[in-house]
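Report on the structure
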Amino acid sequence: MSAAAQTLRTGTAAALRREQVTIFGGTGFLGHDVVESLAPLFKRVRIAVRNPTNAKVSSVKSHVHADTQIEAVKTDISDHASVLQAAQGSSVLVNLVGILYGTDQQFYELQALGPKRVAEAAQAVRAERFVHISAIGADASSDSVYQRTKGLGEVNARAVFAPTTVLRPSILFGPRDNFFNQFASMAALSPALPLIGGGNTRFQPVYVKDVAAAIAKAIELPETQGKTYELGGPHIYTFKQIMELVLKYTGRKRLLIPIPWPIAQIQGAILGCLPHPLLTSDQVKMLRRDNVVRSSLTLSSLGITAKSVEEVVPSYLTPR
């Protein structure tokens, strides 16, 4: 058991009630590790999801602390009563809900209004902590609907529950990621990989387990309340350098083709019509901006030493 877990188990952490935590969106890529990270800290973990009977819930339950009760409840984050019901009995609420593609209305409902509803539930049940997961680049005035609704979500949450702790991660990586794995799959099928906008956009990928640990720390440390942390890994890479790493780790040789912004925008508009698009026009807008940490409040502020891409990705992105 970690030191943080031991502190909460023994009740020496400012009397934080540790009976139950509710995690909204706890079955996604990040959610799996967040449930595993928080299970040792609470007697019960409630996972609030759209479908509590799917295989992802079973997978999460199979990897958690043996002494912790895991409960999955059907929750619609677009419905205030549903969110409030999921929050009942919890001293801590964590919101992981987010989407990468969809209609403008879906983005607004899930990423702008969803955090507001969770914050209202936190207020109603007198929660002691609310940790909201946003994203680097969140900006209520952005021309990207993803970044704009992420920014509105932060504003809306704090307008209701001022002590909300906001964590903004960069691109997440880990064995089940949809970033390195996606480009590795593309390299397996295509003779070339695209360099959107020339491949100069900078990223600071962060290990998924480090973000899960940051959530646990945000709960443990009362001084994190009301603050915003930006979470990135120890190194910054250009988009081109990331593609080169993908090819290196998968043992493939592929052409790297620069795609000018106007052409990328057209491709995004076309691919965005697919059910599960590889690229959307909104994502092209986001790719025009670097995705790197700019805040002085980071993983190190939480006492976490970030793992690098080089330490982790070769373990799952092997030659194919």
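Right above here is the structure, for reference.
As a starting point, this report considers the structure included with it. (Residues numbered from 1 in each chain as written. Predicted model: local features only at pLDDT ≥ 70, side-chain atom pairs only at ≥ 80, totals over all residues. Heavy atoms only, no water.)

Observations concerning the sheet that holds strand β4 (residues 92–95)
- Strand order in the open sheet formed by seven strands is β3-β2-β1-β4-β5-β6-β11, with parallel pairing between adjacent strands. A single partner strand is all that each edge strand has here, and the edge strands are β3 (69–74) and β11 (228–231). Ignoring strand direction, the axes of neighbouring strands in this sheet form an average angle of 20°.
- On the sheet, helix α8 (residues 208–220) packs against β4, β5 (129–133), β6 (165–169) and β11 and is oriented at approximately 155° with respect to β5. (Pairing = 2+ DSSP bridges. Helix = DSSP H or I, 4+ residues; strand = E, 2+ residues; numbered from the N terminus. Axes fitted to C-alpha atoms, helices over the stretch in contact; angles between N-to-C directions. Contact = heavy atoms within 4.5 Å.)

Description of the side chain of Asn-95
- For Asn-95, the location among the structural elements is in strand β4.
- Setting aside anything within four residues of it in sequence, one finds Asn-95 in contact with Phe-24, Ile-77, Pro-115, Val-118, Phe-130, Val-131, His-132 and Ile-133.

Notes on the nonpolar core
- In terms of nonpolar packing, the biggest core is built from 68 residues, with Ile-23, Leu-38, Val-94, Phe-180, Ile-215 and Ile-219 touching the most fellow members.
- At eight residues, α8 tops the list of elements feeding residues into this core.
- Dropping the residues within four chain positions of it, Phe-180 is found in contact with Phe-173, Ile-242, Val-246, Val-309, Val-313, Tyr-316 and Leu-317. (Core = buried A, V, L, I, M, F, W, Y, C linked by side-chain atoms within 4.5 Å. Buried < 20%, exposed > 50% of the residue type's maximum accessible area, 1.4 Å probe, protein only.)

Here we look at helix α4 (residues 80–87)
- All of the buried residues in α4 are Ser-82, Val-83, Ala-86 and Ala-87. Buried residues along α4 cover an arc of 135° about the axis, so they all sit on one side. Within α4, the exposed residues directed more than 90 degrees away from the buried face are Ala-81 and Gln-85.
- The elements touched by buried residues of α4 are β1 (20–24), β2 (44–49), β3, β4 and α5 (104–124).
- Just downstream of α4 lies Gly-89, where phi reads positive at about 85°. (Arc of directions from axis to C-beta.)

Observations concerning the packing of aromatic side chains
- In the structure shown here, the tally under the stated rule is nine aromatic pairs.
- Residues Phe-179 and Phe-203 carry aromatic rings whose centres are separated by 6.0 Å and whose planes lie at 50° to one another, so their mutual orientation is tilted. Taken together, the positions of Phe-179 in the loop between β7 (172–173) and α7 (180–189) and Phe-203 in strand β9 (residues 202–203) put the pair 24 residues apart, joining distant regions of the chain. The residues Phe-179 and Phe-203 share a single accessibility class, namely buried.
- An aromatic cluster is defined as three or more aromatic residues linked by ring pairs; in this entry it consists of Phe-173, Phe-179, Phe-180, Phe-183, Phe-203, Tyr-207 and Phe-239. (Phe/Tyr/Trp six-rings, centres within 6.5 Å; stacked < 30°, edge-to-face > 60°.)

Describing the pattern of salt bridges
- Under the definition given, this model contains 12 salt bridges.
- When salt bridges that share partners are traced, they join Asp-33, Arg-176 and Lys-209 into one network. (Salt bridge = Lys/Arg side-chain N within 4 Å of Asp/Glu carboxyl O.)

A look at the environment of Phe-29
- Structurally, Phe-29 can be placed in helix α2 (residues 29–38).
- Every residue in contact with Phe-29, bar those within four places of it in the chain, is listed here: Leu-172, Phe-173, Gly-174, Arg-176, Asp-177 and Val-208.

Examining the packing of α2 against α8
- Their axes nearest at 8 Å, the elements α2 and α8 cross at an angle of 50°. With respect to each other, α2 and α8 are oriented oblique. Crossing handedness for the pair α2 and α8: right-handed. Of the residues in α8, those touching α2 at Phe-29, Leu-30, Asp-33, Val-34, Glu-36, Ser-37 and Leu-38 are Val-208, Lys-209, Val-211, Ala-212, Ala-213, Ile-215, Ala-216 and Ile-219. (Parallel < 35°, antiparallel > 145°, perpendicular 65-115°, else oblique. Left-handed = near helix turned anticlockwise from the far one by under 90°.)

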